[in-house]
Amino acid sequence: MGFGRLGMPELILILAIALVIFGPSKLPEIGKSLGKALKEFKAGQDKDSDEKEEADEKEDK
(Lines give C-alpha, C1' and ligand atoms only; values in the text may rest on other atoms or scores of the structure.)
Protein backbone atom coordinates (compact mmCIF):
# COMPACT_ATOMS: atom_id res chain seq x y z
CA MET A 1 0.00 0.00 0.00
CA GLY A 2 1.53 3.26 -1.06
CA PHE A 3 0.73 6.78 -0.02
CA GLY A 4 1.85 8.82 -2.99
CA ARG A 5 5.52 8.09 -3.38
CA LEU A 6 5.89 7.01 0.25
CA GLY A 7 6.06 3.31 0.87
CA MET A 8 5.36 1.41 4.06
CA PRO A 9 8.94 1.70 5.42
CA GLU A 10 8.91 5.46 4.99
CA LEU A 11 5.54 5.82 6.71
CA ILE A 12 6.73 3.69 9.63
CA LEU A 13 9.85 5.84 9.96
CA ILE A 14 7.80 9.05 9.93
CA LEU A 15 5.43 7.67 12.58
CA ALA A 16 8.36 6.54 14.75
CA ILE A 17 9.95 10.00 14.55
CA ALA A 18 6.61 11.63 15.41
CA LEU A 19 6.25 9.29 18.39
CA VAL A 20 9.70 10.27 19.68
CA ILE A 21 9.13 14.00 19.14
CA PHE A 22 5.58 14.37 20.43
CA GLY A 23 5.24 11.39 22.76
CA PRO A 24 2.44 8.85 22.92
CA SER A 25 -0.01 11.15 24.72
CA LYS A 26 -0.02 13.85 22.02
CA LEU A 27 -0.27 11.65 18.91
CA PRO A 28 -4.04 11.01 19.17
CA GLU A 29 -4.69 14.74 19.52
CA ILE A 30 -2.47 15.53 16.55
CA GLY A 31 -4.15 12.82 14.45
CA LYS A 32 -7.60 14.09 15.35
CA SER A 33 -6.77 17.70 14.47
CA LEU A 34 -5.10 16.62 11.22
CA GLY A 35 -8.14 14.55 10.26
CA LYS A 36 -10.45 17.45 11.03
CA ALA A 37 -8.34 19.81 8.94
CA LEU A 38 -8.34 17.41 5.99
CA LYS A 39 -12.12 16.97 6.28
CA GLU A 40 -12.66 20.75 6.25
CA PHE A 41 -10.27 21.16 3.31
CA LYS A 42 -12.13 18.50 1.31
CA ALA A 43 -15.48 20.09 2.15
CA GLY A 44 -14.14 23.45 0.96
CA GLN A 45 -12.95 21.91 -2.29
CA ASP A 46 -16.32 20.26 -2.85
CA LYS A 47 -18.10 23.55 -2.18
CA ASP A 48 -15.84 25.40 -4.62
CA SER A 49 -16.34 22.80 -7.33
CA ASP A 50 -20.13 22.93 -6.82
CA GLU A 51 -20.09 26.73 -7.12
CA LYS A 52 -17.98 26.51 -10.27
CA GLU A 53 -20.41 24.01 -11.83
CA GLU A 54 -23.34 26.30 -11.01
CA ALA A 55 -21.54 29.27 -12.56
CA ASP A 56 -20.77 27.22 -15.69
CA GLU A 57 -24.43 26.21 -15.96
CA LYS A 58 -25.54 29.85 -15.71
CA GLU A 59 -23.11 30.84 -18.48
CA ASP A 60 -24.48 28.11 -20.76
CA LYS A 61 -28.05 29.44 -20.46
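Caption draft 1: Representation of the environment of glutamate 29. Locating glutamate 29 in the fold gives a position in helix 2 (residues 27–60). A relative accessible area of 48% places glutamate 29 in the partly exposed class. In the structure, glutamate 29 is positioned 17 residues away from aspartate 46 in sequence and 26 Å away in space, judged by C-alpha atoms.

Caption draft 2: Layout of the environment of leucine 11. With respect to the helices and strands, leucine 11 occurs in helix 1 (residues 8–22). For leucine 11, a relative accessible area of 21% corresponds to the partly exposed category.

Caption draft 3: Local environment of a negative patch on the surface. Together, Asp46, Asp48, Asp50, Glu51, Glu53, Glu54, Asp56, Glu57 and Glu59 make up a region of like negative charge exposed at the surface. Tracing the backbone shows aspartate 50 in helix 2. Assessed through its relative accessible area of 41%, aspartate 50 is described here as partly exposed.

About the thresholds
Residues numbered from 1 in each chain as written. Predicted model: local features only at pLDDT ≥ 70, side-chain atom pairs only at ≥ 80, totals over all residues. Heavy atoms only, no water. Helix = DSSP H or I, 4+ residues; strand = E, 2+ residues; numbered from the N terminus. Buried < 20%, exposed > 50% of the residue type's maximum accessible area, 1.4 Å probe, protein only. Patch = residues over 30% accessible without salt bridge, like charges linked within 9 Å, V, L, I, M, F, W, Y side chains within 5 Å. Areas by Shrake-Rupley, 256 points an atom, 1.4 Å probe, with all protein chains shown as cover. Salt bridge = Lys/Arg side-chain N within 4 Å of Asp/Glu carboxyl O. Lys, Arg positive; Asp, Glu negative; His and termini not counted. Charge placed at Lys NZ, Arg CZ, Asp CG, Glu CD.

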